[in-house]
Amino acid sequence: MSDFHNEEFPVGALYAAAGLIGISLIAVFSVRLGLVEGRPTAPEVRAANNVAVVHEREYRFSDREDGALVIADAASDEPVVILEPGSNTGFVRGVMRGLMRERTLKDAGRDSPVRITEWADGALTLTDLGTGRIIELGSFGPDNRRAFAAILAGKKPPEPSNLPNLRATLPVSAESDKAGGPA
């Protein structure tokens, strides 16, 4: 067993670590306090460039007793899309679950509509009108963006293309056994 009692820790390493932490804290607080200008957000860039809205619509999301997610037009309360229980719509459900959690934390109404907006620059955003939060849907990948683009078009979201082909892994059915298929 080695004995470290006679060895000293390099003091220079401690000073270097403390210096890096100090510089990081100064940089963060400089941006937070407005001493240094931070990078603009996507909504700020669109506003500065006067990017036009191509299509937008407000929706209310609600759960049905059987587990379906009902997406209704906020103005008329008419259902636009119903996502049945067990459908592969995890991203849509996950986003709405996150928004509901944030509404609960901020004591915002749970029945406030959300706005889906398609912009002329190709961006797609979801704005929670209860909390003011804006979510850039393109940042979650093309399949997840397509899910909300389909809702904006009044269609059921497509199945994600990144899932494995489960039919290819299923065992041979009883019908193929009766037809003389492989055993």
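To keep things clear, this report deals only with the structure shown in the data block.

What counts, and where the lines are drawn
- Residues numbered from 1 in each chain as written.
- Predicted model: local features only at pLDDT ≥ 70, side-chain atom pairs only at ≥ 80, totals over all residues.
- Heavy atoms only, no water.
- Helix = DSSP H or I, 4+ residues; strand = E, 2+ residues; numbered from the N terminus.
- Contact = heavy atoms within 4.5 Å.
- Salt bridge = Lys/Arg side-chain N within 4 Å of Asp/Glu carboxyl O.
- Buried < 20%, exposed > 50% of the residue type's maximum accessible area, 1.4 Å probe, protein only.
- Patch = residues over 30% accessible without salt bridge, like charges linked within 9 Å, V, L, I, M, F, W, Y side chains within 5 Å.
- Areas by Shrake-Rupley, 256 points an atom, 1.4 Å probe, with all protein chains shown as cover.
- 1 Å grid on protein atoms, 1.4 Å probe; cavity = no way out; pocket = protein on both sides within 12 Å on 5 of 7 lines; lining within 4 Å.
- Points joined across faces, edges and corners; volume = space filled by probe spheres on them.
- Nonpolar A, V, L, I, M, F, W, Y, C, P; charged D, E, K, R; others polar.
- Pairing = 2+ DSSP bridges.
- Axes fitted to C-alpha atoms, helices over the stretch in contact; angles between N-to-C directions.

### So, the side chain of Arg103
Step number 1: Residue position: Arg103 is located in helix H3 (residues 90-105).
Step number 2: Not counting residues up to four positions away in its chain, the partners in contact with Arg103 are Ala108, Gly109, Arg110, Asp111, Ser112, Pro113, Val114, Asp128, Gly130 and Thr131.

### A word on the pattern of salt bridges
Step number 1: The final tally for this structure, using the stated rule, is 12 salt bridges.
Step number 2: Residue Arg46 is joined to Glu136 by a salt bridge in which the shortest nitrogen-to-oxygen separation is 2.5 Å. Residue Arg46 is located in helix H2 (residues 42-48), and its partner Glu136 is located in strand S6 (residues 134-136); the two are separated by 90 residues in the primary sequence.
Step number 3: When its relative accessible area of 7% is taken as the criterion, Arg46 is described as buried.
Step number 4: The shortest N-O distance in the salt bridge between Glu58 and Arg115 comes to 2.9 Å. Taken as a pair, Glu58 in strand S1 (residues 53-63) and Arg115 in strand S4 (residues 114-119) lie far apart in primary sequence, 57 residues in all.
Step number 5: When salt bridges with common partners are traced through the structure, they connect Arg46, Asp121 and Glu136 into a single cluster.

### So, a nonpolar patch on the surface
Step number 1: A surface patch of nonpolar side chains, about 810 Å² in accessible area, is lined by Ile21, Leu25, Val28, Phe29, Val31, Leu33, Leu35 and Val36.
Step number 2: With respect to the element layout, Ile21 can be found in helix H1 (residues 11-32).
Step number 3: The class of Ile21 is exposed, set by a relative accessible area of 55%.

### As for the layout of surface pockets
Step number 1: Quantified by volume, the largest pocket comes out at close to 230 Å³.
Step number 2: Forming the walls of the largest pocket are Arg60, Phe61, Ser62, Asp63, Leu69, Arg93, Met96, Arg97, Met100, Arg110, Asp111 and Ser112.
Step number 3: When contributions to the lining of the largest pocket are tallied by element, the ones reaching two or more residues are S1 and H3.
Step number 4: When the residues that make up the lining of the largest pocket are grouped by side-chain class, the tally is 4 nonpolar, 2 polar and 6 charged.

### Some points on the sheet that holds strand S3 (residues 79-83)
Step number 1: Reading across from one edge, S3-S2-S1-S4-S5-S6 is the order of the 6 strands in this open sheet, with antiparallel pairing throughout. Here the strands that pair on one side only, and so sit at the sheet edges, are S3 and S6. Recorded for the sheet is a direction-independent mean angle of 25° between the axes of neighbouring strands.
Step number 2: As judged from the 4 bridges shared by strand S2 (residues 69-73) and S3, these two strands associate in the antiparallel manner. Across the sheet, residue Ile71 finds its bridge partner in S3, namely Val81.
Step number 3: Strands S1, S2, S3, S4, strand S5 (124-128) and S6 of the sheet are contacted by H3, whose axis makes an angle of about 35° with S5.
Step number 4: The sheet strands contacting helix H4 (residues 142-152) are S1, S2, S3, S4 and S5, and the helix crosses S1 at an angle near 95°.

### Brief notes about the pairing of S1
Step number 1: Of the strand pairs in this sheet, S1 and S4 are connected by 6 bridges, and their pairing is antiparallel. Counterpart to Glu56 in the pairing with S4 is Thr117.
Step number 2: Bridge count between S1 and S2: 5 bridges; the pairing is antiparallel. By the bridge assignment, Ser62 is partnered in S2 with Val70.

Purely spatial values, then, with no claim about function.
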